[in-house]
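What the coordinates show
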Protein chains: 2
Amino acid sequence: MTKDAEGAAPPPIQPERFQQARAAQAMAILEDYAEMISDLIEEMGEARITDIASRMGVTHPTATKAVARLKREGLAVSRPYRGVFLTDEGAELADRVRARHRTVVDLLVAVGVPPETAEMDAEGLEHHVSEVTLKAFERYLDAAAAK
Amino acid sequence: MTKDAEGAAPPPIQPERFQQARAAQAMAILEDYAEMISDLIEEMGEARITDIASRMGVTHPTATKAVARLKREGLAVSRPYRGVFLTDEGAELADRVRARHRTVVDLLVAVGVPPETAEMDAEGLEHHVSEVTLKAFERYLDAAAAK
DNA sequence: AATATTTTATAGCCTTGGCTTCATTTGTGT
DNA sequence: ACACAAATGAAGCCAAGGCTATAAAATATT
C-alpha cells in the first residue's frame, strides 16, 4: 500500500555536502595544531609538547600523536626530546589558518556576535569556511569598513 | 640562553575553545542523522536504512551503526527490518537543527555568499554555531529584512 | 508457490583521537 | 656530581565512524 506515497526514489539530495564536511573535519586537527605550534614558536621561541598539550586541552600523549601525524604529512619536524618545528608547508598552513580565523571572528563580530562568543565559535566554525565563503566575508568586511 | 624570551609560563590561552569545538563535533553526527531521518519521514513516510545511507553518502553498515547510536542516546527507535523513527526528543532535535541550518544559510547569503556555497559550507558550519551566535544571526537577518 | 532481488543485519578490520600507565631522558638544584 | 623533578616517549585501551564481506530476512516477480 501507499505505492504512490513512496514509489519515487529518494530525491538525490547531494551527499557531497556531508562528504565535504567530513573531509574538512579531517583537516581540522592538523590546522589547529599547526597554528598552535606556530603561535608557541612566535611567543616562546619553541613549541614543546607539554605546552602544545596544555593549550589544546589534551594530555601529552595525545599531543605527541598529533605531532606524529603532522610529521607524517610533512607539516612539521622534530627530534626526540627536542621541540617541534614547522616545515615551510606547515608554516604556510598556519598562516593561512590564522588569517582565516581572524576573518571569521571579525565577520561574526560585524554581524553582532559578542567578541568572546565569536572567538569560541570561530574555533569550530573556521574549518568549514570555504575559499569562496572566506572571500565573501572579506568583501563584506571591507564594505562595512568603508561605510 | 634566551632566558628572558621563554621564562614565562605559556600564557594560559583557554583550551576550553578546543574542548568546546570537540564537544560540538561529537554532537554533529547525531544532529545530521536526526535531521535526515526527519526529512525522510516527512518526504516518504518512513526512513529506511538504505535511503539514510545513500543521502548521507555512507555505506549501509555505517548508517546502521549511526542509528544504533541514536537509539542508544534515546533519540530514535526501530525494530529489525523495519524503518527508523524519532522519539519526541529526537524530533525536537531535528527541528532545532533544521531551523538553525536555515538561519545559517540565510546569514551566509545575506553577507554575500553564493547560495550553493552557503548550502555546502553550512553543513559543516552549523554544528559550531552557539545559541548566542544563532540569536545574533536572527537579529541581523531581521534588521536586514526590515531595511 | 517458488524463485530472485533488495534490504537489513552482523562480523570484523582500519584509522583517528582521546585516555592511562609506565619507562626513559633531560635538565635543575644542591 | 648526584639526586630529583619535569618532560618526553612508548605501549596499550577505548569509542567513534568509516569500510568490506557475508548471512539472513523481507519483498517482488514469475
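What counts as what
Residue numbers here run from 1 along each chain, matching the order of that chain's written sequence. Note on labels: chains are lettered from A, ligands numbered from 1, in written order. Confidence filtering applies because this is a predicted model: local features only for residues at pLDDT of at least 70, side-chain atom pairs given and counted only at 80 or more, and all residues used for totals across whole chains, interfaces and linings. Each helix is a run of H or I in the DSSP string that is no shorter than four residues. Each strand is a run of E no shorter than two, and both are numbered from the N terminus. Atoms considered for the radius of gyration are the C-alpha atoms alone. The globule rule reads 2.2 Å times the number of residues to the power 0.38. Three exposure classes are used, based on other C-beta atoms lying within 10 Å of a residue's own C-beta, which is placed from the backbone: buried for 20 or more, exposed for 12 or fewer, and partly exposed in between. Whether two residues are in contact depends on their C-beta atoms, placed from the backbone: they are in contact if these lie within 7 Å. As used in this record, a residue near a molecule or strand is one whose C-beta atom, placed from the backbone, is within 6 Å of it. Angles run from 0 to 180 degrees between N-to-C directions of axes, and those axes are lines fitted to C-alpha atoms, restricted for helices to the stretch in contact. Angular relationships are summarised with four words: roughly parallel below 35 degrees, roughly antiparallel beyond 145, roughly perpendicular across 65 to 115, and oblique for the angles in between. Here a crossing is taken to be left-handed if its near helix is turned anticlockwise relative to the far helix by less than a right angle, and right-handed if that turn runs clockwise. Asp, Glu, Lys and Arg are counted as charged, while Ala, Val, Leu, Ile, Met, Phe, Trp, Tyr, Cys and Pro are counted as nonpolar; the rest, among them Gly, fall into the polar class. To superpose the copies, least squares is applied to the C-alpha atoms of every residue with a pLDDT of at least 70 in both. Definition of nonpolar core: a set of buried Ala, Val, Leu, Ile, Met, Phe, Trp, Tyr and Cys residues joined via C-beta atoms within 7 Å.

**A word on the overall build of chain A**
Broken down by element type, chain A carries seven helices and two strands. If you list the helices and strands of chain A from N to C, you get α-α-α-α-β-β-α-α-α. Computed over its C-alpha atoms, the radius of gyration of chain A comes to 20 Å, more than 25% above the 15 Å expected for a compact globule of 147 residues. Expressed as lengths along the three principal axes of its C-alpha atoms, the size of chain A is roughly 70 × 50 × 25 Å. By the burial criterion, 36% of the 147 residues in chain A qualify as buried. Taking contacts inside chain A between residues at least 6 apart in sequence as the whole, the part at least 24 apart equals 48%.

**Here we look at the protein's contact with DNA strand C**
Val58(A), Pro61(A), Arg48(B), Thr50(B) and Pro61(B) are the nearest of the 18 residues found near DNA strand C. Where the surface near DNA strand C is concerned, the elements lending two or more residues are helix 4 (60-72) of chain A together with helix 3 (49-56) and helix 4 (60-72) of chain B. Here the surface near DNA strand C gets five residues from one element, more than from any other, and that element is helix 4 of chain A.

**Some remarks on the packing of helix 5 (residues 88-110) of chain B against helix 7 (residues 131-146) of chain B**
All names here are of chain B. It is the contact of helix 5 with helix 7, at a shortest axis distance of 10 Å, that shows an interaxial angle of 50 degrees. With respect to each other, helix 5 and helix 7 are oriented oblique. For the element pair helix 5 and helix 7, the recorded crossing hand is left-handed. On the side of helix 5, the interface is formed by Arg100, Thr103, Val104, Asp106, Leu107 and Ala110, while helix 7 contributes Leu134, Phe137, Glu138, Tyr140, Leu141 and Ala144.

**Section: the interface of chain B and chain A**
Listed by partner, the interface residues are 44 residues for chain B and 44 residues for chain A. At the level of secondary structure, the elements contributing two or more residues to the side of chain B that touches chain A comprise helix 1 (3-6), helix 2 (16-44), helix 3, helix 5, helix 6 (115-125) and helix 7 of chain B. Take the side of chain B that touches chain A: its biggest share by element is 10 residues, from helix 2 of chain B. For the side of chain B that touches chain A, the class distribution of residues is 21 nonpolar, 13 polar and 10 charged.

**Considerations on the protein's contact with DNA strand D**
As a matter of local geometry, DNA strand D sits amid 19 residues, with Arg48(A), Thr50(A), Val58(B), Pro61(B) and Thr62(B) nearest to it. Going through the elements one at a time, helix 3 (49-56) and helix 4 of chain A together with helix 2 and helix 4 of chain B are the ones with two or more residues in the surface near DNA strand D. When residues in the surface near DNA strand D are grouped by element, the largest group, five residues, is from helix 4 of chain B. Counted by class, the surface near DNA strand D contains 10 nonpolar, five polar and four charged residues.

**Things to note about the relation of the copies chain B and chain A**
For the pair chain B and chain A, the relating rotation is 180 degrees, the translation along its axis is 0.0 Å, and the fit reaches an RMSD of 0.1 Å. Accordingly, the operation relating the two chain copies is best matched by a two-fold axis. It is Leu125(B) whose C-alpha, among those of chain B, lies nearest the rotation axis, at 2.6 Å. Of all interface residues in chain B, 100% are interface residues in chain A too; the two copies therefore contact each other through one and the same surface.

**Considering the nonpolar core**
With 24 residues, the main nonpolar core has Val104(A), Leu108(A), Val111(A), Val104(B), Leu108(B) and Val111(B) as its most contacted residues. Mapped onto this core, the elements with two or more residues apiece are helix 5 (88-110), helix 6 (115-125) and helix 7 (131-146) of chain A together with helix 5, helix 6 and helix 7 of chain B.

**Some points on unusual backbone geometry**
For Tyr81(A), which is not glycine, the phi dihedral falls at a positive 65 degrees. When you line up the elements, Tyr81(A) lands in the loop between strand 1 (76-78) and strand 2 (84-86).

**Here's the deal with the environment of Thr117(B)**
Within the secondary structure, Thr117(B) sits in helix 6. Look at Thr117(B) and you get partly exposed, because 18 C-beta atoms sit within 10 Å. Between the C-alpha atom of Thr117(B) and that of Pro61(B), which follows or precedes it by 56 residues, the distance is 30 Å. Residues in contact with Thr117(B), not counting those within four places in the same chain, are Ser130(A), Val132(A) and Thr133(A).

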